[in-house]
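Residue-level structural notes
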Amino acid sequence: MRKRAVITGIAGQDGSHLAEWLLEQGYEVHGVLRRPLNTRFWRIEHLRDRITLHQADLLDLASLIHLLREVQPHEIYNLAAQSFVPASFAAPVLTGEVTALGVARLLEATRLVAPEARFYQASSSEMFGKVREVPQNERTPFHPRSPYGVAKVYGHFITVNYRESYGLFACSGILFNHEGPRRGLEFVTRKVSDGVARIKLGLADELRLGNLEAQRDWGYAPDYVRAMWRMLQQDEPSDYVVATGVCHSVRELVETAFSVAGLDWRRHVRVDPAFYRPAEVDLLQGDASRARQELGWRPETSFERMVEIMVEADLERLRRGDVV
Ligand code: NAP
Ligand code: G4F
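Residues numbered from 1 in each chain as written. Chains lettered and ligands numbered in written order. Predicted model: local features only at pLDDT ≥ 70, side-chain atom pairs only at ≥ 80, totals over all residues. Heavy atoms only, no water.

This part covers the site of ligand 2. For ligand 2, the set of nearby residues contains 23 residues, the closest of which are Ser124, Ser125, Tyr148, Arg277 and Glu280. Within the backbone of Val188, a nitrogen or oxygen atom sits 2.9 Å from an oxygen atom of ligand 2. Lys191 has a polar side-chain atom sitting 2.7 Å from an oxygen atom of ligand 2. Protein contact buries 96% of the 710 Å² of open area that ligand 2 shows by itself. For the shell around ligand 2, the class distribution of residues is ten nonpolar, six polar and seven charged. (Near = heavy atom within 4 Å. Polar contact = N/O pair within 3.5 Å; in protein donor to acceptor, adjacent residues only side chain to side chain. Areas by Shrake-Rupley, 256 points an atom, 1.4 Å probe, with all protein chains shown as cover. Nonpolar A, V, L, I, M, F, W, Y, C, P; charged D, E, K, R; others polar.)

Encoded structure:
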C-alpha cells in the first residue's frame, strides 16, 4: 500500500520540493491550499496531475478535521505559515493566528482524527533570534526578535507538548534559512538573484537593500526537505536542527551573486533604511551534529553553488519573460 502524506503549504517553496521528494519515494501526496482559485501554482504546476489538492485553512479547525478525515494520512507535514518576517511586524496578530495557533489547530485535528499519523512541524532558526551561543543547537535557549519568531516558538512548544501529553509522533525541525529558485521574491537571496539578473539584462540599474551586515546560515531548499522526511522515518519522534554550519553576511551574498553575472555590486546596490527591521537577528549559525548522527543527513549544495543556480535561473526566467 502506498503511504499517504498531507502537506500544508504545498504551493510554497518547501512544499513543492517536499512533494517532489515524497512522490519519488512512492507516496500518495495530498496538498493543502487555502484559496485554490487564487493560488499561484508556478511551483507545483509540473506536479498537478500527480498530487491531490484539497482546500483547507490553518485558521479553520473544521476544515482541517474534514481534510484529515478524508485523507487518513500516515504522515502530516505542516509547512503552511505566514513566513515573511517583515510582514509579521505589520500583521502580528494574523501571524500569531496562522503561524502559532494554526499549529495547535492542526495538532488538535490530528489528535481527534488521525492520532497514529506522524507529524512534522516547520520550526525555524528565527526562534534563536538574539542568539545566546554560537553555533545554535537543539539545547540553545530561544530569544525571538519578531512576531514571526515568537509565533514559531509557540508552534515548536505546542508540538513538543502534544508529543509529551498525548503520545503523538510529533517532530519539530528547526531549519535554518534555505533557498533556491523557488524562493519568494521578497526574501533577500531571491531579491538579490532577481535584481542581479534584471541589472545584467538591462531591465534595472539599481538594487535597494536593508542591513548588509546581517549573517545567515544559508542552505539549499531541496537538500532540506530530505531532513524533514527522515525525521518522520525514525523509531522515536524528536527535534532536530538542520543547517550547514557555515554563515555568510548579506554583503557576501551580494558580492557572490553580482560576480556570477560579472558585475560590480558597488555600482548598483543602495542601502535603503526602509528595509531595516524594528529588531534584527544579527547572526544565525546552526550546529546540525545531531541530524548528521541520527538522521544521516548532510547538506549537499554549497552556498556559492546555490547562489549560482539562483542567478542563472533568474536570468533564464527573465529572458523567457516569466513573472516569477
Ligand atoms: P512559503 O514559501 O512562504 O510557503 C508557505 C505556504 O503557507 C504558502 O504556500 C501559503 O499559501 C501557505 N499559507 C499561508 N497561510 C496559510 C493558511 N492560513 N492556511 C493554509 N496555508 C497557508 O514558505 P517556505 O519557505 O516554503 O517555508 C515552509 C515553512 O517552513 C514555513 O512554515 C516557514 O515559516 C518555515 N521555515 C522556512 C525556512 C526557510 O528558510 N524557507 C526556514 C525555517 C522555517 P499562499 O500561497 O496561499 O500564500
Ligand atoms: O531573507 P530574509 O527575509 O529571511 P529571514 O528574515 O532570515 O527569514 C527567513 O528565514 C527564517 C529562518 O531563519 C525562516 F523561518 C523565515 O520564514 C524566512 O524564510 O532576511 C535575511 C536577512 C535579514 O537579516 C534581513 O534584515 O537579510 C536582511 N536583509 C537585508 N536587506 C533583507 C534585505 N531582507 C529582505 N527580505 N529584504 C531586503 O532588502
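What follows covers the site of ligand 1. The immediate surroundings of ligand 1 are formed by 23 residues, with Asp14, Arg34, Asp57, Ser83 and Tyr148 found nearest. Leu58 has a polar backbone atom sitting 3.0 Å from a nitrogen atom of ligand 1. Backbone polar atom of Leu79 to an oxygen atom of ligand 1: 2.9 Å apart, as the coordinates give it. Among the secondary structure elements, those contributing two or more residues to the shell around ligand 1 are α1 (13-24), β5 (118-124) and α5 (147-166). The residue inventory of the shell around ligand 1, partitioned by class, reads ten nonpolar, eight polar and five charged. (Helix = DSSP H or I, 4+ residues; strand = E, 2+ residues; numbered from the N terminus.)

Before going further, it helps to examine the domain arrangement of the protein chain. What the domain assignment reports for the protein chain is domain 1 (4-178 + 218-242) and domain 2 (182-217 + 246-283 + 302-320). One C-alpha centre belongs to domain 1, the other to domain 2, and the line joining them spans 27 Å. Where domain 1 abuts domain 2, roughly 2,200 Å² becomes buried across the two surfaces, and 60% of that area is made up of carbon and sulfur atoms. The largest share of the area that domain 1 buries against domain 2 comes from Phe84, Arg145 and Trp218, three residues that together contribute 38% of it. At the boundary of domain 1 and domain 2, one finds two salt bridges. Across the salt bridge formed by Arg216 and Glu126, the nearest N and O atoms sit 3.7 Å from each other. (Domains from an automatic or database assignment. Buried area = accessible area lost by both parts, 1.4 Å probe. Salt bridge = Lys/Arg side-chain N within 4 Å of Asp/Glu carboxyl O.)

Before going further, it helps to spend a moment on the nonpolar core. Within the largest apolar cluster, 46 residues are counted, with the highest numbers of intra-cluster contacts made by Ile7, Leu22, Val29, Tyr77 and Tyr120. Elements with a minimum of two residues in this core: β1 (4-8), α1, β2 (28-33), β5, β6 (169-175), α7 (221-231), β11 (239-242) and α9 (289-295). If you tally residues by element for this core, the top one is α7, at six residues. Not counting chain neighbours up to four residues away, the residues in contact with Val29 comprise Ala5, Ile7, Ile10, Ala19, Leu22, Leu23, Ile51 and Thr52. (Core = buried A, V, L, I, M, F, W, Y, C linked by side-chain atoms within 4.5 Å. Buried < 20%, exposed > 50% of the residue type's maximum accessible area, 1.4 Å probe, protein only. Contact = heavy atoms within 4.5 Å.)

On the basis of which strands lie adjacent, the open sheet formed by seven strands has the order β3-β2-β1-β4-β5-β6-β11 and parallel pairing. The open sheet has two edge strands, β3 (52-55) and β11, and neither has a second partner. On average, each strand axis in the sheet is tilted by 20° relative to the strand beside it, whichever way the strands run. Bridge count for β1 against β2 is five bridges, and the pairing is parallel. Counterpart to Val6 in the pairing with β2 is His30. (Pairing = 2+ DSSP bridges. Axes fitted to C-alpha atoms, helices over the stretch in contact; angles between N-to-C directions.)

Judged by which residues are buried, β11 turns out to be covered on both faces: Asp239 and Val241 on one side and Tyr240 and Val242 on the other are all buried. Relative to β11, β6 is paired through four bridges, and the arrangement is parallel. The partner of Gly173 across the bridge, within β11, is Tyr240.

Let us now look at empty space enclosed by the protein. Inspection of the entire model under this criterion finds one cavity of 30 Å³ or more. As for the largest cavity, its lining consists of Val85, Phe89, Glu126, Arg145, Ser146, Arg277, Ala279, Glu280 and Val281. For the lining of the largest cavity, the residue count by class is four nonpolar, one polar and four charged. Residue-level mapping places the lining of the largest cavity at the junction of two domains, with at least three residues from each of domain 1 (4-178 + 218-242) and domain 2 (182-217 + 246-283 + 302-320). (1 Å grid on protein atoms, 1.4 Å probe; cavity = no way out; pocket = protein on both sides within 12 Å on 5 of 7 lines; lining within 4 Å. Points joined across faces, edges and corners; volume = space filled by probe spheres on them.)

What the second largest pocket holds in volume is close to 270 Å³. Surrounding the second largest pocket, 14 residues form its lining, Trp42, Pro181, Arg182, Arg320 and Val324 being those nearest its centre. Element by element, the count of residues in the lining of the second largest pocket is highest for helix α10 (residues 303-320), at five residues. When residues of the lining of the second largest pocket are assigned to domains, at least three map to each of domain 1 (4-178 + 218-242) and domain 2 (182-217 + 246-283 + 302-320).

Residue position: Ile44 is located in the loop between β2 and β3. Separated by 247 residues in sequence, Ile44 and Ala291 place their C-alpha atoms 28 Å apart. Dropping the residues within four chain positions of it, Ile44 is found in contact with Ile10, Ala11, Ser16 and Leu53.

In terms of burial, α7 is a largely internal element, nine of the eleven residues being buried. Here α7 has its buried residues at Ala221, Asp223, Tyr224, Val225, Arg226, Ala227, Met228, Trp229 and Met231.

Inspection of the entire model under this criterion finds nine aromatic pairs. Ring centres of Tyr77 and Tyr120 lie 6.1 Å apart, and the angle between their planes is 40°; this geometry places the pair in the tilted category. One end of the pair, Tyr77, is in strand β4 (residues 75-78); the other, Tyr120, is in strand β5, with 43 residues separating them in the sequence. An identical accessibility class is assigned to Tyr77 and Tyr120; each is buried. Between the aromatic rings of Phe128 and Phe142, the centroid separation amounts to 5.4 Å while the plane-to-plane angle is 50°, which identifies the pairing as tilted. Note that Phe128 is positioned in the loop between β5 and α5 and Phe142 in the loop between β5 and α5, a separation of 14 residues in sequence. Exposure remark for Phe128: the relative accessible area of 0% places this residue in the buried category. For Phe142, a relative accessible area of 18% puts it in the buried group. In textbook terms, an aromatic cluster arises when at least three aromatic residues are bridged by ring pairs, as seen for Phe128, Phe142, Phe157 and Phe176. When the ring centre of Phe275 is taken as reference, the NZ or CZ atom of Lys191 above it lies at 3.3 Å. (Phe/Tyr/Trp six-rings, centres within 6.5 Å; stacked < 30°, edge-to-face > 60°. Lys NZ or Arg CZ within 6 Å of the ring centre and 35° of its normal.)

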